[in-house]
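Below, each chain spelled out in residue letters.
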Amino acid sequence: MTIAEPVYTAGGPALPQERRLVTSIPGPRSAELAARKRNAVAAGVGTTMPVYATAAGGGVVVDVDGNSLIDLGSGIAVTGVGNAHPGVVKAIAEQAERATHTCFMVTPYEGYVAVAEALNRLTPGEHAKRSALFNSGAEAVENAVKIARAHTGRQAVVAFDHAYHGRTNLTMALTAKSMPYKKGFGPFAPEVYRAPVSYPFRDGGMSGPDAARAAISRIETQVGADQLAAIIIEPILGEGGFIVPAEGFLTTLARWARENGVVFIADEVQTGFARTGRMFASEHEAIVPDLVTTAKGIAGGMPLSAVTGRAEMMDAVHGGGLGGTYGGNPVACAAALAAIDAFENDGLCEAAERIGEVITRRFGEIAGSDPRVGDVRGRGAMIAVEFVKPSTGEPDAALAARVAASAHTQGVIVLTCGTFGNVIRFLPPLTIPLELLVEGIDIVATALRDAAHDAGT
Ligand SMILES: *Cc1c(COP(=O)(O)O)cnc(C)c1O
């Protein structure tokens, strides 16, 4: 395979861009820290890998034992601009020296306003917009629902099968998957309803408009359009398995929402900021959502989230009705402005496209000869491989877990996902050198080849 030059490699503090294992994984220092974690950190806070990080940049994470790991996860789609991006680091340091917090609701500051202006400019649609800033993706989703309810005077909210919207009470209700997100944590927020989503690999290839009509029929019969404040959907369903709805699904839903006075919320917390090869995934089908929620990639790793939307909807909330002590923290805003500058000017959308082509080509080839690879899908640097039992087509979560575990011991950070746990997802930093990406996916591909086929398949 010929490898084009990386589009962009902000290496951060000159970390060698290489996989280098100097101990077994985990090494002794990580093992010590894992023991301390068991005694100090709540057991419910899990970790994908038992290695403890000390530095990261470009496409690597370095651990406390000196191992350099290939990063195919970006801390769950957060470090799109690369870890410790130099511009982000500089912006954080400069802002932190001036002020770390004054509270925007007490004595506001320019950075918050500038982030709102940038989001209003960058999100889909040319209409007048407003933004409000928060700390986490879940908090943004909660606030989008508050805004939709205030604007419509209605209460019901529809989310979809395989949806993930967070871990707070309302967002748990919106999230589809019980284990590990909801089990034992009810009762959940009321007035949340669920509709079927287009899942081309598992719905017999139903057309997007047909799948949307099925969802709309469910909503009209079980909720009633006139009761419905909002529908919320991820343009590519992230934790649910990187499900790309068939073309026409999102556009049909968005049109129905508009015709019925229902607020269409695109949850772009995972898909936003160049991840899918466009600034926002809604752009692939020219969707113009009423409200967009953003977080993860927005600030190069600093906690920040936002709701951006139509001015008349955003401004429907009474003064003082939105906010929070830390929402739009000045250091996080400075980081976001630097990250947004990188997203716009450093060719990161093109980098995402190229990353996607490399991964899709490689696993597409494997899918042709290995029937355990049921589907390879996604857009840009958000690509997933769904594993199945060849004889039945049933999800094979054990295989996904074995492949991921094997990659981990070889120094590749890779994540699983999917309602059935049978999906490996690739979310590399958009700054990863392509050689390193190729080495990382080679290791995953070899782990798959070497993983024993299940008995009887
Ligand atoms: C991660 C995620 C959230 C929740 O974000 P947090 O910052 O973890 O609260 C919400 N929606 C989507 C689509 C996500 O991927």
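Residues numbered from 1 in each chain as written. Predicted model: local features only at pLDDT ≥ 70, side-chain atom pairs only at ≥ 80, totals over all residues. Heavy atoms only, no water.

To keep things clear, this is the line we draw: UniProt positions are given in the numbering used here, feature names are shortened, and annotations may be inferred rather than shown by experiment.
By the naming in an unreviewed UniProt entry, the protein is (S)-3-amino-2-methylpropionate transaminase, taken from Paramicrobacterium chengjingii. For the protein, the Pathway (unreviewed entry) comment in UniProt is given as "Amino-acid degradation; 4-aminobutanoate degradation." In its Sequence similarities (unreviewed entry) section, UniProt records this for the protein: "Belongs to the class-III pyridoxal-phosphate-dependent aminotransferase family."

1. A few points about the overall build of the protein
Going by this rule: Each helix is a run of DSSP H or I of at least 4 residues and each strand a run of E of at least 2, with the numbering of both proceeding from the N terminus. Note on method: radius of gyration uses C-alpha positions; expected globular size equals 2.2 Å times residues raised to 0.38. Between buried and exposed lies partly exposed: a residue is buried under 20% and exposed over 50% of the maximum accessible area for its type, with that area taken using a 1.4 Å probe on protein chains only. Residues are treated as being in contact if the distance between any of their heavy atoms lies within 4.5 Å. For every accessible area listed, the method is Shrake-Rupley and the probe measures 1.4 Å; residues are considered covered only by the protein chains on display.
A count of helical and extended segments in the protein gives 13 helices and 15 strands. Whereas a compact globule of 457 residues would reach a radius of gyration of roughly 23 Å, the protein reaches 22 Å, a difference of no more than 12%. Seen through its C-alpha atoms, the protein measures out along the principal axes to roughly 60 × 60 × 45 Å. For the protein, the proportion of its 457 residues judged to be buried stands at 54%. Once local pairs closer than 6 in sequence are excluded, the contacts in the protein between residues at least 24 apart make up 75%. About 18200 Å² of surface is accessible on the protein, with carbon and sulfur atoms providing 53% of the total.

2. As for the environment of Leu72
On the secondary structure map, Leu72 appears in the loop between β3 (68-71) and α2 (74-77). With relative accessibility at 0%, the residue Leu72 sits in the buried group. In the structure, Leu72 is positioned 343 residues away from Leu415 in sequence and 7.8 Å away in space, judged by C-alpha atoms. Once you skip the residues sitting within four places of it in the chain, Leu72 turns out to touch Val412, Ile413, Arg425, Phe426, Leu427, Pro428, Ile432, Leu437, Gly440 and Ile441.

3. Observations concerning the confidence of the model for the protein
The condition that has to hold: Scored from 0 to 100, pLDDT records how confident the predictor is in each individual residue.
Per-residue pLDDT for the protein has a mean of 96; in total, 96% of the residues score no lower than 70. Confidence over residues 1-13 falls short of pLDDT 50; this stretch has 33 contacts with residues more than four positions distant or in other chains.

4. Describing the sheet that holds strand β6 (residues 192-195)
Where we set the bar: Two strands pair if DSSP finds at least two bridges between them. To get an axis, a line is fitted to the C-alpha atoms, and for a helix only the part in contact is used. The angle between two axes follows their N-to-C directions and goes from 0 to 180 degrees.
Strand order in the open sheet made by the seven strands is β4-β10-β9-β8-β7-β5-β6, with mixed pairing throughout. A strand with exactly one partner marks an edge of an open sheet, and here the two such strands are β4 (129-134) and β6. Adjacent strand axes in the sheet meet at a mean angle of 20 degrees, parallel and antiparallel pairs treated alike. Of the pairings in the sheet, the one linking strand β8 (residues 263-267) to strand β9 (residues 291-294) comprises three bridges and is parallel in character. Residue Asp267 lies in a different strand from β9, and its bridge partner there is Thr293.

5. With respect to the sheet that holds strand β1 (residues 53-57)
In space, the four strands of this open sheet follow the order β1-β2-β3-β13, with mixed pairing throughout. A single partner strand is all that each edge strand has here, and the edge strands are β1 and β13 (412-413). Sheet analysis places β3 next to β13, joined by two bridges and oriented parallel. Looking at β13, one finds that Asp71 is bridged to Ile413.

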